[in-house]
Amino acid sequence: MLAKRSGRFWGGALLSVLLAAAGAGAQETGGKEPGARDALEQMRLKLEKEEMELERLSEMVFIPAGSFDMGSASGAADEKPVHRVSLDGFYISKYEVTQLQYEKWMGENPSYFKNCPLCPVERVTHAQANAYCLRVGQRLPTEAEWERAAHGGVGGEYSWGEEHGERFAWFGNNSGQRPRPVGTRKANAFGLHDMAGNVWEWVADWYDEDYYRVSPAENPTGPRMGKQRVARGGGWGHSPEQIRHSLRDHFDPRTRYINGGFRCAASKGKP
Ligand SMILES: [Ca+2]
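Keep in mind the model is a prediction, meaning the values are calculated, not measured. (Residues numbered from 1 in each chain as written. Predicted model: local features only at pLDDT ≥ 70, side-chain atom pairs only at ≥ 80, totals over all residues.)

Peer 1: I'd like to hear about the overall build of the chain, residue by residue, with values.
Peer 2: Scanning the chain from N- to C-terminus turns up seven helices and nine strands. If you take every contact in the chain between residues at least 6 apart in sequence, the share linking residues at least 24 apart comes to 71%. (Helix = DSSP H or I, 4+ residues; strand = E, 2+ residues; numbered from the N terminus. Contact = placed C-beta atoms within 7 Å.)

Peer 1: Go over the nonpolar core, please, and point to the residues and values.
Peer 2: By size, the foremost hydrophobic cluster in this structure holds 46 residues, and its most contacted members are Phe90, Ile92, Ala129, Leu140, Ala149, Ala196 and Ala265. Sorting the residues of this core by element identifies strand S1 (60-63), strand S3 (83-87), strand S4 (90-93), helix H4 (126-135), helix H5 (143-151), strand S5 (200-206), strand S6 (229-232) and strand S9 (265-267) as the ones contributing at least two each. Among the elements that make up this core, the one with the highest residue count is S5 (five residues). Residues contacting Phe90, with those up to four places away along its chain left out, are Ile63, Glu145, Ala265, Ala266, Ser267 and Lys268. (Core = buried A, V, L, I, M, F, W, Y, C linked by C-beta atoms within 7 Å. Buried ≥ 20, exposed ≤ 12 C-beta atoms within 10 Å, placed from the backbone.)

Peer 1: Tell me about helix H3 (residues 99-106), and name the residues and values.
Peer 2: The complete set of buried residues in H3 reads Gln99, Gln101, Tyr102 and Lys104. One or two residues past the end of H3 sits Gly107, with phi positive at roughly 75°.

Peer 1: Could you give an account of the sheet that holds strand S7 (residues 248-251), with specific residues and numbers?
Peer 2: Pairing is mixed in the open sheet, where four strands are placed in the order S7-S6-S5-S8. One side of each edge strand has no neighbouring strand; the edge strands of this open sheet are S7 and strand S8 (260-262). Averaged over neighbouring strand pairs, the angle between their axes works out to 50° when direction is ignored. Relative to S8, S5 runs parallel, the two sharing three bridges. Looking at the pairing, Trp200 lines up with Gly260 of S8. In the packing of H5 onto the sheet, the strands contacted are S5 and S6, and the crossing angle to S5 comes to about 140°. (Pairing = 2+ DSSP bridges. Axes fitted to C-alpha atoms, helices over the stretch in contact; angles between N-to-C directions.)

Peer 1: Pulling in residues and values, what's your account of unusual backbone geometry?
Peer 2: For the bond from Lys80 to Pro81, the omega torsion is -5°, close enough to zero to count as cis. Here Pro81 shows up in the loop between strand S2 (66-70) and S3. Despite not being glycine, Asp194 has its phi angle at roughly 60°, a positive value. Locating Asp194 in the fold gives a position in the loop between helix H6 (165-168) and S5. Since 30 C-beta atoms lie within 10 Å of it, Asp194 is described here as buried.

Peer 1: Can you explain the sheet that holds S1? Please cite residues and give values.
Peer 2: Strands sit in the order S1-S4-S9 across an open sheet of three strands; the sheet is antiparallel. Lying at the two open borders of the sheet, with one neighbouring strand each, are S1 and S9. Going across the sheet, the axis of each strand differs from the next one's by a mean of 25°, ignoring polarity. As paired strands, S4 and S9 are joined by three bridges and run antiparallel to one another. By the bridge assignment, Tyr91 is partnered in S9 with Ala266. Together, S1, S4 and S9 form the strand contacts of H5, whose direction differs from that of S4 by roughly 70°.

Peer 1: Outline the packing of helix H2 (residues 34-57) against H3, supporting the account with residue identities and numerical values.
Peer 2: Two elements in contact, H2 and H3, have axes whose closest approach is 10 Å; the angle formed by their N-to-C orientations is 105°. Between H2 and H3, the crossing angle belongs to the class labelled roughly perpendicular. Contacts between H2 and H3 involve Glu53, Leu54 and Leu57 from the first element and Leu100, Gln101 and Lys104 from the second. The residue makeup of the contact of H2 with H3, split by class, is three nonpolar, one polar and two charged. (Parallel < 35°, antiparallel > 145°, perpendicular 65-115°, else oblique. Nonpolar A, V, L, I, M, F, W, Y, C, P; charged D, E, K, R; others polar.)

Here it is in structure tokens:
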């Protein structure tokens, strides 16, 4: 992606200039400035490692076009009726957006649990999440895209079946009451991590408890207006019931929660 490439270019270009300057200085003084060169080399290695991490964390997974049953017959009233939804193929982030990525592109880290660059960024409003995705040339997933991605093409309340949730999700039973570095639980069948738990995730749609009764069957994008935005997947403090893939949470879009984050998506052909 262009934004990612431009960031790498900036860091590499700056270091090239600094290393060249250090090399020239060392030549002028008969090579007696190894300290400066070592410091710059250390900085170069640190930035190189950071860029590799950013590359890894920005990976997206293509979810092929297809249909799935959205909602749950045994869930809350707003998860009904279960209805067949068809979606075009799309890309979605393999991981929740991390503090490292957010700070890189937005110049700040609003998280409560700081000093954990590979943990998901939290305490972001819906507008901040949306702005980040736009900054990297992407967008928030729709509610339907998020649920199809979470199911991993498997279906059911959990992509892993009814047991072994602790291998797939950080939630109230195993998190130690805090977010954890992304990708440290098993991926679902689509190769996505932390769709359930760790931080719940803003999606693009406005919330309407009756939306499933009127939702179009193809590529639904939610109500045209609303007061709250949908959030999905549950977080590090939630119960097994609250990290079900079909559960629909919803909040005032201005709120910033210590267990709320996001991931981005892109339409086919975008990344
Ligand atoms: Ca999550």
